[in-house]
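Secondary and tertiary structure notes
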Amino acid sequence: MEIMKLYAISDLHLGVAVNREGLKALPPHPDDWLILAGDVGETEAHFHYALYLLTRRFAQVIWTPGNHDLWTLPTDANALRGEAKYQRLVTLCHDYGVLTPEDPYIQWPAGGPPTILAPTFVLYDYSFRPDNVPIERAVTWAAESGVVCADEAFLYPDPYPSRAAWCQTRLRYTEPRLQEAADRGSLILINHFPLRQDHVHLPRIPRFSVWCGTRHTEEWPTRYRVRTAVYGHLHIRATRHQDGTRFEEVSLGYASQWQPARGIESYLREIL
């Protein structure tokens, strides 16, 4: 008898041809569920490609957005921006039967102690920076090292005045929902960005950290009974155990960051 499993992967970046071919070759897992933790691609075509394939290979797919998913490129036909772009992707997910951060958190159905699957979307607020760097200088501070995230050009916060303000709105929306879920069981918390600043180790581009999360999530693992935190964004796959929580960075990444000969299946991280 096959055991139902929960897998996770992020940062498929389907704008890269070898990544698209790798996803197409992924074998079916008809009894298993898949967490898709953001950065599917930059266009709706990438999004449709992923959801069409993955919903036919897995019994259930759960998605949370990455920053690339929310980009509005100059070539975008519909030019949706910010919240409107996010809600459009939520609608597309629902068309394919994919669960999103806007849906009720559901209990893992495979038995055992109650475990709640909680996809979240809270973006970032430039607080992953040294204490002596004021927020208004965060981007300039990063740029002094030659690093500027493309989000500054392509990720619009509309209708909010800034990405940090959008982040604060998402935090206020998400935290009561996590508390209610934690009252029902332990959590598998799914977020594209790492929850903790001390998990952002980027030796080549350390100041990119300002685009990697928010300090407001650092106490979530203990506050909300998080059994496992699933995230991506860093393109540095890792497993950590800290204060009773398992942290899984599940990125695939760009063509140079994985081995296509191994197939994408070997990069699926088993969560449950």
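It should be noted that the structure appears before, not after, this text.
Residues numbered from 1 in each chain as written. Predicted model: local features only at pLDDT ≥ 70, side-chain atom pairs only at ≥ 80, totals over all residues. Heavy atoms only, no water.

Comments concerning the overall build of the protein
When helices and strands are tallied, the protein shows seven helices and 10 strands. Taking 19 Å as the expected radius of gyration for a compact globule of 272 residues, we find that the protein reaches 18 Å, a close match to that expectation. Seen through its principal axes, the protein has C-alpha atoms that stretch 55 × 40 × 35 Å. Split into buried and exposed, the 272 residues of the protein put 56% on the buried side. Of the accessible surface of the protein, which amounts to about 11,500 Å², a share of 53% is contributed by carbon and sulfur atoms. (Helix = DSSP H or I, 4+ residues; strand = E, 2+ residues; numbered from the N terminus. Rg over C-alpha atoms; globule rule 2.2 N^0.38 Å. Buried < 20%, exposed > 50% of the residue type's maximum accessible area, 1.4 Å probe, protein only. Areas by Shrake-Rupley, 256 points an atom, 1.4 Å probe, with all protein chains shown as cover.)

Some details on the sheet that holds strand β5 (residues 115-119)
Strands belonging to one sheet form pairs held by backbone hydrogen bonds; the direction of such a pair is parallel or antiparallel. Strand order in the open sheet formed by six strands is β4-β5-β6-β7-β9-β8, with mixed pairing between adjacent strands. Looking at which strands have only one partner, the edges of the open sheet turn out to be β4 (106-107) and β8 (238-242). Pairing of β4 with β5, which is carried by two bridges, proceeds in the antiparallel orientation. Its bridge partner being in β5, Gln107 is matched across the sheet by Ile116. Along the sheet, helix α6 (residues 163-182) makes contact with β5 and β6 (186-190), crossing β6 at roughly 145 degrees. (Pairing = 2+ DSSP bridges. Contact = heavy atoms within 4.5 Å. Axes fitted to C-alpha atoms, helices over the stretch in contact; angles between N-to-C directions.)

A closer look at the sheet that holds strand β1 (residues 6-9)
Taken in spatial order, the four strands of this open sheet run β3-β2-β1-β10, and their pairing is mixed. Here the strands that pair on one side only, and so sit at the sheet edges, are β3 (58-63) and β10 (269-270). Two elements, β1 and strand β2 (residues 29-36), share four bridges in a ladder whose sense is parallel. Its bridge partner being in β2, Ala8 is matched across the sheet by Ile35. Relative to the sheet, helix α2 (residues 44-57) contacts β2 and β3, its axis offset from that of β3 by approximately 140 degrees.

Topic: α2
Taking 1.5 Å per residue as the helical rise, α2 with its 14 residues ought to reach 20 Å, and the 20 Å between its terminal C-alpha atoms agrees with that figure. Three or more residues of α2 are buried, namely Glu44, His46, Phe47, Ala50, Leu51, Leu53, Leu54 and Arg57. Buried residues along α2 sit in contact with α1 (17-24), β2, β3 and α3 (82-95). (Expected span 1.5 Å × (residues − 1).)

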